[in-house]
Amino acid sequence: MSSATDTTTTAAAPAVPAAIAAQENRLAGASEWRLIWWRFRRHRLAFASGIVVLAIYIVALLADPIAPASTEASKPQYTYAPPQMLHLFRTTDDGWRFEPHVLGYRVQIDPRAMRRSFVTAPDTVIPVGLFVRGDRYSFLGLFESDLHLFGPIEAGQPFFLLGADRLGRDVLSRTIHGARVSMSIGLVGVLMSLAIGVVLGGLSGYLGGFVDSTIQRTIEIIRSIPTIPLWMGLAAAVPLTWHPLAVYFAVTVILSLIGWTTIARIVRGKFLSLRSEDFVVSARLDGASQTRIILVHMLPSFYSYIIAATTLAVPTMILSETALSFIGLGLQPPMVSWGVLLKEAQNIRSLASAPWLFAPGVAVMIAVLSLSFLGDGLRDAADPYQK
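Residue positions are counted from 1 within each chain, in the order its sequence is given. The predicted nature of this model means local features are confined to residues of pLDDT at least 70 and side-chain atom pairs, given and counted, to a pLDDT of 80 or more, with totals for whole chains, interfaces and linings taken over all residues. Excluded from the side-chain calculation are hydrogens and water; included are all heavy atoms of the structure.

Ranked by size, the top nonpolar core spans 39 residues in total, and within it Met-183, Ile-185, Val-251, Leu-255, Leu-331 and Trp-338 carry the most contacts. Those elements that place two or more of their residues in this core are helix H3 (32-42), helix H4 (44-61), helix H6 (171-207), helix H8 (227-236), helix H9 (244-274), helix H12 (303-326), helix H13 (338-343) and helix H15 (359-381). At 8 residues, the largest contribution of residues to this core is made by H15. Whether two residues touch is decided by their heavy atoms; if any such pair falls within 4.5 Å, the residues are in contact. Apart from the residues lying within four places of it in its own chain, the contact partners of Leu-255 are Ile-185, Ser-193, Trp-231, Met-317, Ser-320, Glu-321 and Leu-324. Think of a nonpolar core as a cluster: buried Ala, Val, Leu, Ile, Met, Phe, Trp, Tyr and Cys residues, connected wherever their side-chain atoms sit within 4.5 Å. Burial classes follow relative accessibility: with a 1.4 Å probe on protein chains only, a residue under 20% of its type's maximum area counts as buried, one over 50% as exposed, and anything between as partly exposed. Counting 15 residues, the second largest nonpolar core, distinct from the first, contains Ile-263, Ala-283, Met-298 and Ile-306. Each helix is a run of H or I in the DSSP string that is no shorter than four residues. Each strand is a run of E no shorter than two, and both are numbered from the N terminus.

Before going further, it helps to examine the packing of aromatic side chains. Any pair of aromatic rings gets described here by the distance separating the centres and the angle formed by the planes. Each aromatic pair joins two rings of Phe, Tyr and Trp (for Trp, the six-membered one) with centres within 6.5 Å, and gets the label stacked for planes under 30 degrees apart, edge-to-face for over 60, and tilted for any other angle. With the rule as written, the count across this model stands at 11 aromatic pairs. Here Tyr-105 and Phe-118 contribute two aromatic rings whose centre-to-centre distance is 5.4 Å and whose plane-to-plane angle is 65 degrees, an arrangement assigned as edge-to-face. Placement of the pair is Tyr-105 in strand E2 (residues 95-110) and Phe-118 in strand E3 (residues 115-139), with a sequence separation of 13 residues. Among the residues examined, Tyr-105 registers a relative accessible area of 16% and is labelled buried.

On to the sheet that holds E3. Spatial strand order, E1-E2-E3-E4: 4 strands in an open sheet with antiparallel pairing. What marks the edges here is a single partner per strand, and that holds for strand E1 (87-92) and strand E4 (143-152). Across this sheet, the average inter-strand angle for adjacent strands is 60 degrees, counted without regard to direction. With 8 bridges joining them, E3 and E4 adopt antiparallel strand pairing. Its bridge partner being in E4, Val-128 is matched across the sheet by Pro-152. Paired strands are those between which DSSP finds at least two bridges. Inter-axis angles, ranging from 0 to 180 degrees, are taken between N-to-C directions of lines fitted to C-alpha atoms, where helices are fitted over the stretch in contact.

Let's shift gears to H9. Helix length check: H9, at 31 residues, gives a terminal C-alpha distance of 44 Å against a target of 45 Å (1.5 Å per residue), a fit within 8%. At Gly-259, H9 shows its strongest bend, of approximately 35 degrees. Multiplying 1.5 Å by the helix residue count minus one yields the expected span of that helix. Fitting axes to the seven residues ending at a residue and to the seven starting there, one defines the bend at that residue as the angle between these axes.

The residue Tyr-80 is not glycine, and still its phi comes out positive at about 55 degrees. Assignment of secondary structure puts Tyr-80 in the loop between helix H5 (63-66) and E1. Taking relative accessible area as the criterion, Tyr-80 reaches 13% and is therefore assigned buried. Of note in the backbone geometry, Phe-131 takes a positive phi value of approximately 55 degrees without being a glycine.

Spelled out as structure tokens, the structure:
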């Protein structure tokens, strides 16, 4: 019996080294981007955050058909109406039945404060369905439609899953539409900052000398200026008569002019560490131009770090736009962004009796946290050879 056991153990022992060798061969033959992907996929929080970020951008892109109402559709009779709870089942004489619905409102008058309030009306059932007809919209300027992903089956019925604002507009719909502006400003602003930062940071780190000193002193001057006064000065230069889209572009440029310094310093540090490497010296001795050395040999070696830094910069851009719009220096109505929506919540009435107006703030928190976790995961995965 002992001899058989020893034979079995001896025969099974080589299986472990073989598996390790196969794993090592798999890693040795993988490209850098595949190694980064494998490492990022093991970071569960970052991977989940990436899914959330992707979902937010999909919602922002498809805001018109996803939102139950348009941004300006108002029902003044439902001013500051509280959120309605979505019920999936309804009790009938035949028992439980799957029938998504919300309950209507009934108005009550407070005799002391002489103020009206809304309470649930159990006898008023508003059926809810998928792919229903509602407010008309122009989808990305391509075609007209009135089809919405969800909403009341009978158009015009009150439907406020996150409540209504001071004009009776649906907070949920406005928050969904606000994602398009806030998330796109963050992305476009970072891409512009990335272009400026890579160019100036690359020149600073590769050329050195007077160019390096000039660019670094410029960065230090920009970073030394208090952020809020700088925003106020730049935003004051935007004429009040500009079209909202022009203001949107101006705010994006303002954020880009301020946000490029961090990326420029990261790129400069990488160029300083790479310009004396053997492959760069060999390319220079081989007669390669400076443009080719920078674009073909140096930049690809730290693309992953640039992507990680860019992802971490997007939350800062979103918060900057939100802060600018909140203090009245950024976007203004009729543009809808999370900052513009939060501006409507800065009064005592909102704090006391309409806390649902802070829903865009929750959206900002989810987006910023998801982008931050995603950036952390990409930063860790950017060096796939690190244990």
